[in-house]
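The lines below spell out each chain.
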Amino acid sequence: MLGDRLLVTPEKEGAERHSGAGIVIPATVKLGHRLAWGTVVALGSAVRQVSLGDRVLFDPESRAEVELEGSAYILLREEDLHAVATGRATDSGAGGLYL
């Protein structure tokens, strides 16, 4: 990977979702703009705030997809990330969500 690029494996979304009250939402329903989660599998030398294995939040509308050896990946710049969920320890000693 070059520069500030990340290679991310997108998380699979189920065919149907459930609301907080338990109502089933079919896959055919068009919801508002949603961000997506993925896992970082490779990163460039200029990436500073993300590590391999971190879960990242990104906009699925502004992504470049690539297929390597039969698997689908997403190519992103570090600046395109909205959040990073990581298991790294913070000052308080617990992992967390970094915005």
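Before reading further, recall that the structure is shown in the block above.
Residues numbered from 1 in each chain as written. Predicted model: local features only at pLDDT ≥ 70, side-chain atom pairs only at ≥ 80, totals over all residues. Heavy atoms only, no water.

1. Focus on the overall build of the protein chain
Phase 1: On a plain count of helices and strands, the protein chain comes out with 0 helices and 9 strands.
Phase 2: Helices and strands appear in the protein chain in the N-to-C order β-β-β-β-β-β-β-β-β.
Phase 3: Within the span of the protein chain, comprising 99 residues, buried residues form 25% of the whole.
Phase 4: Of the accessible surface of the protein chain, which amounts to about 6,800 Å², a share of 52% is contributed by carbon and sulfur atoms. (Helix = DSSP H or I, 4+ residues; strand = E, 2+ residues; numbered from the N terminus. Buried < 20%, exposed > 50% of the residue type's maximum accessible area, 1.4 Å probe, protein only. Areas by Shrake-Rupley, 256 points an atom, 1.4 Å probe, with all protein chains shown as cover.)

2. Quick notes on the pairing of strand β7 (residues 71-77)
Phase 1: Summarising the sheet, strand β1 (residues 5-10) and β7 pair through 4 bridges and their orientation is antiparallel. Looking at β7, one finds that L7 is bridged to L75.
Phase 2: In this sheet, β7 lies alongside strand β6 (residues 64-68) in antiparallel orientation, the contact comprising 5 bridges. Residue pairing across strands places L68 opposite S71, the latter belonging to β7.
Phase 3: Counted between consecutive antiparallel strands, the loop separating β6 from β7 contains 2 residues, among which E69 sits at a positive phi close to 50°. (Pairing = 2+ DSSP bridges.)

3. Considerations on the nonpolar core
Phase 1: Core analysis: the largest hydrophobic core is formed by 12 residues, namely L6, V8, A36, V40, V47, V50, V56, F58, I74, L76, L81 and V84.
Phase 2: Among the elements of the structure, β1, β4 (36-43), β5 (55-58), β7 and β8 (81-86) are those that each provide at least two residues to this core. (Core = buried A, V, L, I, M, F, W, Y, C linked by side-chain atoms within 4.5 Å.)

4. So, the environment of P10
Phase 1: Note on placement: P10 falls in strand β1.
Phase 2: Each C-alpha atom of the pair P10 and I74 lies 7.0 Å from the other, and the pair is 64 residues apart in sequence.

5. Description of the environment of L7
Phase 1: For L7, the position within the fold is in strand β1.
Phase 2: Each residue touching L7, except ones within four places of it in the same chain, is listed here: M1, T39, V40, V41, A42, V66, L68, Y73, I74 and L75. (Contact = heavy atoms within 4.5 Å.)

6. Focus on the packing of aromatic side chains
Phase 1: Tallied over the entire structure, the rule returns 0 aromatic pairs.
Phase 2: In this arrangement the basic side chain of R55 is found over the ring face of W37, its NZ or CZ atom lying 4.5 Å from the centre. (Phe/Tyr/Trp six-rings, centres within 6.5 Å; stacked < 30°, edge-to-face > 60°. Lys NZ or Arg CZ within 6 Å of the ring centre and 35° of its normal.)

7. A look at the pattern of salt bridges
Phase 1: Taken as a whole and assessed by the stated rule, the structure comprises 3 salt bridges.
Phase 2: Residue R5 pairs with D4 through a salt bridge whose shortest N-O separation is 3.4 Å.
Phase 3: Of the residues examined, R5 reaches a relative accessible area of 30% and is grouped as partly exposed.
Phase 4: With a closest N to O distance of 3.5 Å, R77 and D4 form a salt bridge. You can see R77 sitting in strand β7 and its partner D4 sitting in the segment before β1, a full 73 residues away along the chain.
Phase 5: Connected through shared salt-bridge partners, D4, R5 and R77 make up one network. (Salt bridge = Lys/Arg side-chain N within 4 Å of Asp/Glu carboxyl O.)

Fair warning: the whole summary comes from geometry, so function is off the table for now.
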